[in-house]
Amino acid sequence: CILGTHHEKGAQTFWSVVNRLPLSSNAVLCWKFCHVFHKLLRDGHPNVLKDSLRYRNELSDMSRMWGHLSEGYGQLCSIYLKLLRTKMEYHTKNPRFPGNLQMSDRQLDEAGESDVNNFFQLTVEMFDYLECELNLFQTVFNSLDMSRSVSVTAAGQCRLAPLIQVILDCSHLYDYTVKLLFKLHSCLPADTLQGHRDRFMEQFTKLKDLFYRSSNLQYFKRLIQIPQLPENPPNFLRASALSEHISPVVVIPAEASSPDSEPVLEKDDLMDMDASQQNLFDNKFDDIFGSSFSSDPFNFNSQNGVNKDEKDHLIERLYREISGLKAQLENMKTESQRVVLQLKGHVSELEAELAEQQHLRQQAADDCEFLRAELDELRRQREDTEKAQRSLSEIERKAQANEQRYSKLKEKYSELVQNHADLLRKNAEVTKQVSMARQAQVDLEREKKELEDSLERISDQGQRKTQEQLEVLESLKQELATSQRELQVLQGSLETSAQSEANWAAQFAELEKERDSLVSGAAHREEELSALRKELQDTQLKLASTEESMCQLAKDQRKMLLVGSRKAAEQVIQDALNQLEEPPLISCAGSADHLLSTVTSISSCIEQLEKSWSQFLACPEDISGLLHSITLLAHLTSDAIAHGATTCLRAPPEPADSLTEACKQYGRETLAYLASLEEEGSLENADSTAMRNCLSKIKAIGEELLPRGLDIKQEELGDLVDKEMAATSAAIETATARIEGTASPKEFYAKNSRWTEGLISASKAVGWGATVMVDAADLVVQGRGKFEELMVCSHEIAASTAQLVAASKVKADKDSPNLAQLQQASRGVNQATAGVVASTISGKSQIEETDNMDFSSMTLTQIKRQEMDSQVRVLELENELQKERQKLGELRKKHYELAGVAEGWEEGTEASPPTLQEAVTEKE
């Protein structure tokens, strides 16, 4: 079948054959069909899923039909069909996943499209998929008697064979859920994912137990190597635990034979073996004692030389010898089969261990490659950091401001994520309620159809019985008329024949008895007909009451869904109104264009809601569009109130008060409009005029609050920028002309004391760095120092020299010869420090090359041990690197604070270097 799907690129032939099979009447045949279809979905052509979607309703109906049987293969078929339906729906929603679920980590990331919402929904669908797999797994084990060796019998193997496909699916689903949960915990708060963790723990416990029980069965040992899950589940709250996760690998030996070809010893086979051996014994007996014994093998009277007792003893002795030979033969066969199975199991275990070792080796190689790439990346980052140290002060000042904005945005993002997760849960609950209602309606329609069919059958049966009874009654009447005519003839002949009067009287009495019996039979038929008519009337009354209850139940469920959605929408709007004056909104400000965009979306939503409401009044069964419009209106209203509140923070007092009042009035009008949405109401009761008026008022205020800069035409922006730049250049030239040749050096240094102190500080930093570098070089020569100290000192000297040159450029003339000499000396210092760094790196690399390890005398276990120690050391160094980076950041922050105090920066503000405006003012 698998090769056929690849040959014809589809499954049309497969389904054309399946449609002719009696799957609804033969449970074992249905079970084997599920097994074959599962294999086709995994290993067949990708178009198998597309060709099978049209039959998923038939599979659902068949699953419900087999679910009514409480024993045998009925429940197994029902659960297996549900699993296949779930698998088809999952791969339809997620076409990136192949049928066999084999994907790389990069393909798994692409499936989520780098969106946390997609990963969240994908994890939920994987949980549902894995739940169906585990349900089938558990049901098959519960249906088997584990106290006996069921895995070596045909009945047991028939039930266990499909679990190989289930084990393959479960191993991939478990691996992907672990990786997705780690990814979600890196993006979302831990409290939001509490439900995911609880569901994972439940499925982890079940899957671990089922894998352990399966690995102990002899049947699976010969066909598949089942992995074992870790003793404890992964800790998703610790990000580094992802590196400890090992993907479960299922190994299928290439030489594993098919389950159908394995020798299975059954009772019938043993009986056939006994019969064949008995026939063989009979033939040998005839050859020895003659063919006359075939008719009566125990008749030895015609034999000479041996009496009857001796022949009986001889037969018994031969029978005992045959029985002993049979027992020996059975013992030899059993022992040989046991040895063969044991050897096969041992071979499978060795192959699985080899595959596991290969997997670990590949994983170690991948980790090594990853560490090399990360080391290269760290080296590049270090080079970039060295290049960017000259502008580090300005970058850190901006980083502090960005960090503050980021913290605010992070708080707002966490709030939005929490709200989004709550909305997702509410949406899932509403969807679940709608699906339950639809399922109940489908069940009611099916029961109604069954009652109609039974009523039709009863009616047809009653009509047939009535027709038969009428025909019998008519025949009885004809027989009665015939009897009467015969009676008249007999009476006439009685008058003419007096001699045979006694005979005619006897015949007349018999005819009278026959007539009485026919009359009583006709009366009995009439009673049965009346009873059938009464039963037909009772059935019609029951059907009418059932239809009435079904209609009432569907109506009540639709009303409950509408009321629940309306209450949820009102709660969302009321929460937005309650938060209108709360402090969390004070720390963030919005823009009027966002508010106007939300108002436009609300207007479109109101029109869609009115259309959905009119459709619902015309057709109460169609409620999905109305529920979607109500939910969308609630969330858009909440966003509009929030945008209005944040827009007021940037607006003047009067428009801000007007906008706040308009938002409150719109929220109240929306609540009133939602309250008017009742199933018994009409379209006139749900009037949205007041809502539209409030929206118009909000839109008018928002348009007034738009920035006036937006009114400037595009061609005027260039002229405005040129004018501002020209004015700024003129001011700078005027200030420069005022300070040229105006004071002596001493007066200049005294007047610019803050700049002078900065210049002196930079000079001291250069001298201090040179002293420290000389001391570090002495220690390195003595073998007690570190190369890294030389490199850090070199970088510090280069940075201090650059600071000295930058400070000199602020006050010096651009054509000053002293400044040119200073810049030339700075270049010399940079070249010297670069030479020191290069020599340090070269000497360090030469020393490291001499310390290479000798792997020639190390065994596999020692290398593995060294590899594990290296991984532990890498983790420790990464942790220490992170701590040192944090410490470096704190030291730099403290350095700027102390520098600000020393240079007289304004108190009460964060330590930061003077801005461009302050420098220009100081120069003036």
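Residues numbered from 1 in each chain as written. Predicted model: local features only at pLDDT ≥ 70, side-chain atom pairs only at ≥ 80, totals over all residues. Heavy atoms only, no water.

**Digging into the overall build of the chain**
Assigned secondary structure in the chain consists of 27 helices and 0 strands. The buried share of the chain, reckoned over its 924 residues, is 30%. (Helix = DSSP H or I, 4+ residues; strand = E, 2+ residues; numbered from the N terminus. Buried < 20%, exposed > 50% of the residue type's maximum accessible area, 1.4 Å probe, protein only.)

**Here's the deal with a negative patch on the surface**
Together, E447, E450, E452, D453, E456 and D460 give the surface a local cluster of negative charge. Relative to the helices and strands, E450 is located in helix α15 (residues 392-496). (Patch = residues over 30% accessible without salt bridge, like charges linked within 9 Å, V, L, I, M, F, W, Y side chains within 5 Å. Areas by Shrake-Rupley, 256 points an atom, 1.4 Å probe, with all protein chains shown as cover. Salt bridge = Lys/Arg side-chain N within 4 Å of Asp/Glu carboxyl O. Lys, Arg positive; Asp, Glu negative; His and termini not counted. Charge placed at Lys NZ, Arg CZ, Asp CG, Glu CD.)

**Observations regarding the packing of aromatic side chains**
What the rule picks out here adds up to 19 aromatic pairs. Ring plane angle 65° and centroid distance 5.6 Å describe the contact between Y90 and F97, whose orientation is recorded as edge-to-face. With respect to class, Y90 is no different from F97; both count as buried. Linked through ring pairs, F14, W15, F33, F37 and Y55 together constitute an aromatic cluster. In this structure, K183 packs its charged tip against the face of F119, placed 5.5 Å from the ring centre. (Phe/Tyr/Trp six-rings, centres within 6.5 Å; stacked < 30°, edge-to-face > 60°. Lys NZ or Arg CZ within 6 Å of the ring centre and 35° of its normal.)

**Quick notes on the UniProt feature "coiled-coil region" (unreviewed entry) in the chain**
As recorded in UniProt, the feature "coiled-coil region" (unreviewed entry) lies at residues 315-493, 522-549 and 865-894. Taken end to end, residues 865-894 is 100% helix and 0% strand, and its two terminal C-alpha atoms sit 44 Å from one another. (UniProt positions renumbered as here; feature names shortened; annotations may be inferred.)

**Notes on the nonpolar core**
Ranked by size, the top nonpolar core spans 83 residues in total, and within it F33, F97 and F220 carry the most contacts. The element contributing the most residues to this core is helix α10 (residues 163-185), with 14 residues. The two domains that each donate at least three residues to this core are domain 1 (1-81) and domain 2 (94-252). Those residues in contact with F33, other than ones at most four positions away along the chain, are F14, W15, V18, L23, L59 and L81. With 44 residues, the next largest nonpolar core counts A576, W613, A640 and C648 among its residues. (Core = buried A, V, L, I, M, F, W, Y, C linked by side-chain atoms within 4.5 Å. Domains from an automatic or database assignment. Contact = heavy atoms within 4.5 Å.)

**Some words on unusual backbone geometry**
The backbone phi angle of E113 is positive, close to 55°, even though this residue is not glycine. Assignment of secondary structure puts E113 in the loop between α7 (105-111) and α8 (116-142). Residue S114 is not a glycine yet carries a positive backbone phi of 55°.

**Comments concerning the pattern of salt bridges**
In total, this model carries 21 salt bridges according to the counting rule given. Put simply, D128 and R199 hold a salt bridge, and the shortest N to O gap is 2.4 Å. Of the two residues, D128 is situated in helix α8 and R199 in helix α11 (residues 194-215); the sequence distance between them amounts to 71 residues. A salt bridge links R317 to E321; the nearest nitrogen and oxygen atoms lie 3.1 Å apart. Placement of both R317 and E321 in helix α14 (residues 308-387) is noted, with a separation of 4 residues, approximately one turn of the helix. Three or more residues joined by partner-sharing salt bridges are found here, namely R42, K87 and D169.

**Quick word on a nonpolar patch on the surface**
Side chains of L375, L378 and L881 sit close together on the surface and give an oily, nonpolar patch of about 210 Å² of accessible area. Following the sequence through the fold, L378 ends up in helix α14.

**Focus: the packing of helix α17 (residues 592-618) against helix α18 (residues 624-648)**
Relative orientation of the contacting elements α17 and α18 amounts to 160°, with a least axis distance of 9 Å. Comparing the axis directions of α17 and α18 gives the class roughly antiparallel. Handedness of the crossing formed by α17 with α18: left-handed. Classifying every residue of the contact of α17 with α18 by side-chain character gives 14 nonpolar, 11 polar and 1 charged. (Axes fitted to C-alpha atoms, helices over the stretch in contact; angles between N-to-C directions. Parallel < 35°, antiparallel > 145°, perpendicular 65-115°, else oblique. Left-handed = near helix turned anticlockwise from the far one by under 90°. Nonpolar A, V, L, I, M, F, W, Y, C, P; charged D, E, K, R; others polar.)

**Observations regarding the packing of α8 against α11**
Here α8 crosses α11 at 35°, and the two axes come no closer than 10 Å. Between α8 and α11 lies a crossing whose hand is left-handed. Contact residues: α8 offers F120, T123, V124, F127, D128, L130, E131, L134, F137, Q138 and F141, while α11 offers H196, R199, F200, Q203, K206, L207, L210, F211, R213 and S214. Along the lines of polarity and charge, the residues of the contact of α8 with α11 split into 11 nonpolar, 5 polar and 5 charged.

**Describing helix α5 (residues 56-66)**
Owing to its 3.6 residues per turn, the α-helix aligns residues three or four sequence positions apart on the same side. Restricting attention to buried positions, one finds in α5 the residues L59, S60, M62, S63 and W66. End-on view of α5: buried residues confined to an arc of 165°, all on one side of the axis. Along its buried surface, α5 packs onto α2 (12-18), α3 (27-43) and α6 (73-93). (Arc of directions from axis to C-beta.)

**Remarks on the confidence of the model for the chain**
When pLDDT is averaged across the chain, the result is 76; 74% of the residues are at 70 or more. The spread of mean pLDDT over the elements of the chain runs between helix α27 (residues 916-923), the lowest at 35, and α3, the highest at 94. Confidence drops under pLDDT 50 across residues 255-282; counting only partners more than four residues distant or on other chains, this segment forms 29 contacts. Segment residues 905-924: pLDDT under 50, and 23 contacts once partners within four positions in sequence are set aside and those in other chains are kept. (pLDDT = per-residue confidence, 0-100.)

**Comments concerning the environment of A642**
Within the secondary structure layout, A642 lies in helix α18. In this structure A642 comes out as partly exposed when scored by relative accessible area, which is 31%. Once the C-alpha coordinates of A642 and L595 are considered, the two residues, 47 residues apart in sequence, prove to be 8.9 Å apart.

**Looking at the environment of L804**
In this structure, L804 sits in helix α24 (residues 787-811). Expressed as a C-alpha distance, the spacing of L804 and S761, which sit 43 residues apart in the sequence, is 8.7 Å. Residues in contact with L804, not counting those within four places in the same chain, are L759, A762, S763 and L822.

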